Structure formats: structure tokens, C-alpha cells
Amino acid sequence: MPVPQPTPEAPSPGPAPPSPGVAAGDWRSRLKDAAIDLFGLDLRSLAIMRMGMGLILIRDLIMRAGDVVAFHSDKGALPRAAILEHQYRTWAVSLHMGVGHANLQLLLFALAGVFAVMLTLGYRTRLATVLSWLMLCSVQSRASIILQSGDVVLRLMLFWSLFLPLGARFSLDNMLHPPKKLPARSITSVATGGFILQMGLIYLFTALLKSGRAWIDGSAVYYALNIDYFAKQPFCRTIVESRSVMDLIGPDAVAGLRSLGLIINAKTPWLAAFFTYSTFVWEYTGPVLLLVPFRRVAVRTFVVCSFIFLHLGFYAGLEIGLFPWICIAGWLGLMPGAFWDRVGLVVAARSDRRTWTQRWHVNAMAFFCVLMVVSWNLSTIRKQFPKSP
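Residues numbered from 1 in each chain as written. Predicted model: local features only at pLDDT ≥ 70, side-chain atom pairs only at ≥ 80, totals over all residues. Heavy atoms only, no water.

Novice: Sorry, what's going on with the pattern of salt bridges here?
Specialist: Oppositely charged side chains are able to pair whenever their charged atoms sit close together. Going through the model one piece at a time under the given rule, you end up with 9 salt bridges. The residue Asp-37 makes a salt bridge to Arg-296 at a minimum N-O spacing of 3.1 Å. Note that Asp-37 is positioned in helix α1 (residues 20-39) and Arg-296 in helix α15 (residues 296-317), a separation of 259 residues in sequence. When the shortest N-O distance is used, the salt bridge between Arg-64 and Asp-151 registers 3.9 Å. With Arg-64 in helix α2 (residues 43-66) and Asp-151 in helix α7 (residues 149-161), this pair connects stretches of sequence that are 87 residues apart. Because the salt bridges share partners, they merge into one network encompassing Asp-42, Arg-44 and Asp-341. (Salt bridge = Lys/Arg side-chain N within 4 Å of Asp/Glu carboxyl O. Helix = DSSP H or I, 4+ residues; strand = E, 2+ residues; numbered from the N terminus.)

Novice: So what exactly am I meant to see when it comes to the layout of surface pockets here?
Specialist: Take a probe with the size of a water molecule and roll it over the atoms, and the empty space left behind shows itself. Looking at the second largest pocket, its volume works out to about 480 Å³. For the second largest pocket, the lining is made up of 17 residues, of which Met-63, Ile-146, Gln-148, Asp-151 and Gly-321 are closest to its centre. Counting residues per element, the ones that place at least two in the lining of the second largest pocket are α2 and α7. For the lining of the second largest pocket, the leading source of residues is α2, giving 3 residues. Broken down by class, the residue content of the lining of the second largest pocket amounts to 9 nonpolar, 3 polar and 5 charged. (1 Å grid on protein atoms, 1.4 Å probe; cavity = no way out; pocket = protein on both sides within 12 Å on 5 of 7 lines; lining within 4 Å. Points joined across faces, edges and corners; volume = space filled by probe spheres on them. Nonpolar A, V, L, I, M, F, W, Y, C, P; charged D, E, K, R; others polar.)

Novice: Help me understand helix α13 (residues 245-259), please; the structure alone is not making it clear to me.
Specialist: The periodicity of an α-helix, 3.6 residues per turn, causes residues three or four places apart in sequence to face the same way. With 15 residues, α13 extends only 16 Å from end C-alpha to end C-alpha; this falls clearly short of the ideal 21 Å at 1.5 Å per step. Along α13, the residues that are buried comprise Val-245, Gly-250 and Val-254. Turning to α13, the residues buried within the fold contact α14 (270-289). Remark: Gly-261 follows α13 within two positions and exhibits a positive phi of approximately 95°. (Expected span 1.5 Å × (residues − 1). Buried < 20%, exposed > 50% of the residue type's maximum accessible area, 1.4 Å probe, protein only. Contact = heavy atoms within 4.5 Å.)

Novice: Looking at this structure, how should I read unusual backbone geometry?
Specialist: Omega for the peptide link from Gln-233 to Pro-234 comes to 10°, which places this bond in the cis form. Among the secondary structure elements, Pro-234 is positioned in the loop between α11 (220-225) and α12 (235-240). Notably, Phe-170 is not glycine yet its phi reads approximately 50°, a positive angle. Relative to the elements of secondary structure, Phe-170 occurs in the loop between α7 and α8 (172-176).

Novice: Please clarify how empty space enclosed by the protein should be interpreted in this entry.
Specialist: According to the stated counting rule, one finds 1 cavity of 30 Å³ or more in the structure shown. By volume, the largest cavity is sized at about 90 Å³. Surrounding the largest cavity, Leu-57, Asp-60, Leu-61, His-96, Phe-109, Ala-112, Ala-116, Ser-132, Met-135, Leu-136 and Val-139 form its lining. The set of elements that each furnish at least two residues to the lining of the largest cavity consists of α2, α5 (102-121) and α6 (125-142). At 4 residues, the largest contribution of residues to the lining of the largest cavity is made by α6.

Here it is as C-alpha cells:
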């Protein structure tokens, strides 16, 4: 009797190859996550930056009020007639140029102070941001002779804030009119990318414009700290009176550094040389690290904290007004959300939506502003290094 043969089993089909749609979706998802990490801003960071800007605006108005006659009235160093004749630009608009009496200027300061308090508390935040920016542009146009770099940075920070949801967290707006749904943790848009780019370009182009020999031979900080008008003690004295580079490392080491092409002034105090070179190098590398595509949270936190400590050093050694605090407020706006989670500043957020996006027309306006920022910064290089005939 024939023995039945076993029927051979059909070969296992194995795992199905991923469909092109699934692979494309995974690629898009990873690209979106990378964009959020690189260009997204945490809403808590923006809220803390908002409060910092509001307090700085209030402090700025108090300082201006002390010198209102000297710098903001027709009885001071720059009356309106002189501005209109010699300095005023046809495209500049200033409400403060409409009045010349000191008391009327103080009234405008008080009005700007109301807007600054609204911004600090997050009450009608969008309106407060617009009005605070307009009032700041107005008063800066009236008293341009007393402006410094910090005033420009504050004006730029307020401008980019026009596109950002500063009142989404820690605000009266959020308390009085709570949203129906929890907001996302962050916002990612052209405006957030533009603000990050703006903060980075401030330092990158500052480094590019540092072409003097003092920055090359390490003596720039030494000369800066010897300007009595700016120097603060005892910080400056500690740096200026430190041992020279020659005494610290010896002539052989100095000769070795010079053989490597490093032009170093061996008589410079070593702390001054260290701060000169570290500032110079960090202003080049810090902005680039903002766009590092790996370990983004850790790198971004390191960059933000480093720039904050840099400005705390400026505050400790130099009398330069509100400039350090303005920049610190700007860098706090770039702090990753993971930092606030780590320090315990945790808030409820939507679990189904990681980031907040903006409408196309807002992104279009922000993109135009990004192009203007890049163009203006490049123009500063052309002015500094004109073409040879």
C-alpha cells in the first residue's frame, strides 16, 4: 500500500516590505521633529522673556525720566530744531518729537510705562507688545544721541515678539480667558526661526567686525577695563592686576605659541588675554552651535547658559547700562523646555500636539523680515571692509 507523502509547506512570506507611503511618512515625521527641536521655542521661555522685557522697559523709562530735561526736551542738549536740521531721517516716526516740554515727555513716559506693565503681567499681551514697541521706537528716535547697542537689541526683541504668543503662559490673558484646549508646549514658525537667527547674528557679526589688533593679540579686554568711565571694581582690578602671560607660561611657551601663528602680547595680564580670546571664539562658535543637528536639547541649553554667563561677566566688569540684562532676557527666550522641566517649572500641555504653528500670512511676513535681517547684517560687513579701488 503506497505511503502518502507529506505535502510540502509553503514558504513563509516573511515580513512585508515597508510601503513607500509609510517610509515617506516616517521621514516627514523625523524632519518635523528636527525642525521643532531646532526652531521651536518653548512657551514658558517666551513668557519669561516677556516678563523680562517688561521689567527692562519700566527700568529704562525710570532712567530716562531722571534726565528728561537734558535729553528729551527743547531745553536740553538736543532740541527738536537741531534734530530736524541735522540728524532726523525722513522715514523715522516719533510721537515724542511732537512735544518739547519736559512735563509732556513725562506724560508720554507714564503712558509707555502702562503698556510695559501690561506686557509684564501679560494683560492684552499682543496689544501691549505692539504699543510698547511703537513707544520704544518713538523715544529712541527722539534721543538717539544716548542710544547704545542694548537699545537696538531691545527694539529688535520687541519687534520679533509681535509674531510670537508671549501671553500663552504665565499671563493674565491666560488666567482671565483660559483656552478651551490646553496649549502646546512650544511654537514653531518662521518667526521663531527668525528670532533665533537674529540672536545668533548679533554675536556672529560682532565677532566678524572685531578686526583690530587688540582682539588678535589678546589685549582688548585689558584696554576696555582700563577705561575708568566703564570699569567696575573690584572685578576689573582683579583682571588687570593678574600676572602677565609671559610670567605665567614663560618665554619658551610664548615663543612656541608665536611659532604656531598666534600673535599674542606677552605683557597682557593672563586673565585679560583669556577673556579676550574666549569671548572672541565664543561669539563665532556659539551662534553656529544653535543649529547643531544632534543632542539638540543639551547643546541649546549649554549655548544659552554660556551666553547668560557671558553677559553676567559684562555686568560684573563694565558699566554698560541695561545691555547685559536685555541680552539675558533674549537668551532666556531660547531656553529649551527640558530645562524648565528639570528645575520644576512644569505646566500642563496638550499630549496630542507637540508644537503650535502659525498661519501662512504671518509666516510670510516673518520670512520677509528674516531676509531684511540677513541683508542688513551683510551690509555692515561691506561698510567695514569696502572693496579696494
